[in-house]
Amino acid sequence: MTGRVRRLFGRLVEDLPADFTGKLVADERVLGVAELVDGEHIVATSFGLWLPDGDGTRRIGWHVISKVTWEGGTLTVVEADETGTVADAVLLADRPPRRLRLSGPGRVPEVVHARVTGSIKSRHHRDLPGGGAWVVQRSVAGRDGIVLQVRADPGTDPDVVRSLAAQVAEQVRRVRRGE
């Protein structure tokens, strides 16, 4: 690492707020810090978005943020839980939106938007009986390759979603093998 990079990295780490309790991994870079109206902070890094969580801080990987909006000083984040796998597909279910009122947004809204959309390599919505599902291929920060995700719309039959996930995973396998 060159001296210039060390100075830059050191300055970015020093920019972490005093109340930050997370542990950055070796290659994780700070991209932005924003203060919430209650005085807590959120931190956007190369690996995800660190949010206050109970008595600590928790990182949400960019690949499990389903949606993010910035409006009227509020950053709204919809995080997805990985609920299972079917073949090579990861099944997701959205959590309720979390609204974060920022007193000083800095670069955080633009960084979050860029990282969430940048992790998406392809996406397609499939209509299904009783609803639908998003089929998304995403990169995961810090890992090689692409992950296949299937996120059902509310009310969609889980068995139909699992069947779709199996079909899509098989199609992706065939494409990767060149069939």
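For the structure, check the block above.
Criteria and thresholds
- Residues numbered from 1 in each chain as written.
- Predicted model: local features only at pLDDT ≥ 70, side-chain atom pairs only at ≥ 80, totals over all residues.
- Heavy atoms only, no water.
- Helix = DSSP H or I, 4+ residues; strand = E, 2+ residues; numbered from the N terminus.
- Buried < 20%, exposed > 50% of the residue type's maximum accessible area, 1.4 Å probe, protein only.
- Pairing = 2+ DSSP bridges.

(A) Structural view of unusual backbone geometry. Even without being glycine, Ala87 reaches a positive phi, approximately 55 degrees. Mapped onto the elements, Ala87 comes out in the loop between strand S6 (74-86) and strand S7 (89-94). In this structure Ala87 comes out as partly exposed when scored by relative accessible area, which is 49%.

(B) Main features of the pairing of strand S2 (residues 41-45). Across the five residues that make up S2, a large majority, four, are buried. In the sheet, strand S1 (residues 30-36) pairs with S2 via five bridges, with the strands oriented antiparallel. Across the sheet, the residue bridging to Glu35 is His41, located in S2. Counted between consecutive antiparallel strands, the loop separating S1 from S2 contains four residues, among which Gly39 sits at a positive phi close to 95 degrees. Bridging between S2 and strand S3 (residues 48-53) involves two bridges; their strand directions are antiparallel. Bridge pairing in S3 places Ala44 opposite Leu49. Counting the residues in the hairpin turn of S2 and S3 gives two residues.

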